[in-house]
Amino acid sequence: MICPNCKETIEDGSTTCRYCGSALHLDPADRSNNASITTDEISALVGPNSHYYLQNFSKFSQTGIEKFCPTWNWSAFCFSFIWMLYRKMYVPAVITFVIFCLPGINIILHVVVGVVGNYLYYRHVQAKILEIRQNQTPQRFYPTLHAVGGIHLWVIWVAIIFSIILVLLIALLFASIITIIGKFGGLAIL
């Protein structure tokens, strides 16, 4: 048998190439592996901006071997756990939020999520597609991808409302501090 990636001769029936490490897919009817995930399936699950994600996802398997490579995602950088909720990645969103609450970690977390966000989403999309394949009939496959995937528009509205409330609370806090300082004569307010 010949490896389709490195063209080396390998044992018949091997599942991976001993030279390049690429996964070998012997049964074309077996659709449980990552290499058989099509761009149509990814587009159906990702929903909006699928062209952006398809372009970035292709970078993770350019050599025929799936591996991490740094990419940049401005939405993940700026909004971190909100972006993860928007893209329906609940567990990473909770972990990121907990880490985000630690003092001094915020900017580091934003940079890390900006760099690895596309890869995290890539792994999430792969896992969801494979899970849906195992649990759905072929007739229900694409409708289920559309239903399970996509985005949460409510996350944007919750983030906006939360930001407005936070700004109002901060303004109220500073107004009360200035009032208290002014009562004690320590600050002249014009």
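Refer to the preceding data block for the structure.
Summarised in this report is the structure supplied together with it. Since the structure is predicted, the reported quantities are computational estimates derived from the model, not experimental observations.

## With respect to the pattern of salt bridges
Tallied over the full model, the rule gives two salt bridges. Note that Arg 123 is salt-bridged to Glu 66, the shortest N-O span being 2.8 Å. Of the two residues, Arg 123 is situated in helix 5 (residues 106-135) and Glu 66 in the loop between helix 2 (50-57) and helix 3 (74-86); the sequence distance between them amounts to 57 residues. Taking the relative accessible area as the measure of exposure, Arg 123 reaches 43% and is therefore partly exposed.

## Observations concerning the environment of Pro 92
Here Pro 92 is to be found in helix 4 (residues 90-100). Remark: the alpha-carbon pair of Pro 92 and His 124, spanning 32 residues in sequence, is separated by 9.8 Å.

## Quick word on the environment of Ile 107
Checked against the element boundaries, Ile 107 lands in helix 5. Residues Ile 107 and Phe 77, 30 residues apart in the sequence, show an inter-C-alpha distance of 9.1 Å.

## Details of the packing of aromatic side chains
Applying the stated criterion across every chain yields a total of 16 aromatic pairs. Each ring, one from Phe 141 and one from Tyr 142, has its centre 5.3 Å from the other, and the planes form 80 degrees; the classification is edge-to-face. The class for Phe 141 is buried, based on a relative accessible area of 6%. Assessed through its relative accessible area of 33%, Tyr 142 is described here as partly exposed.

What counts, and at which threshold
- Residues numbered from 1 in each chain as written.
- Predicted model: local features only at pLDDT ≥ 70, side-chain atom pairs only at ≥ 80, totals over all residues.
- Heavy atoms only, no water.
- Salt bridge = Lys/Arg side-chain N within 4 Å of Asp/Glu carboxyl O.
- Helix = DSSP H or I, 4+ residues; strand = E, 2+ residues; numbered from the N terminus.
- Buried < 20%, exposed > 50% of the residue type's maximum accessible area, 1.4 Å probe, protein only.
- Phe/Tyr/Trp six-rings, centres within 6.5 Å; stacked < 30°, edge-to-face > 60°.

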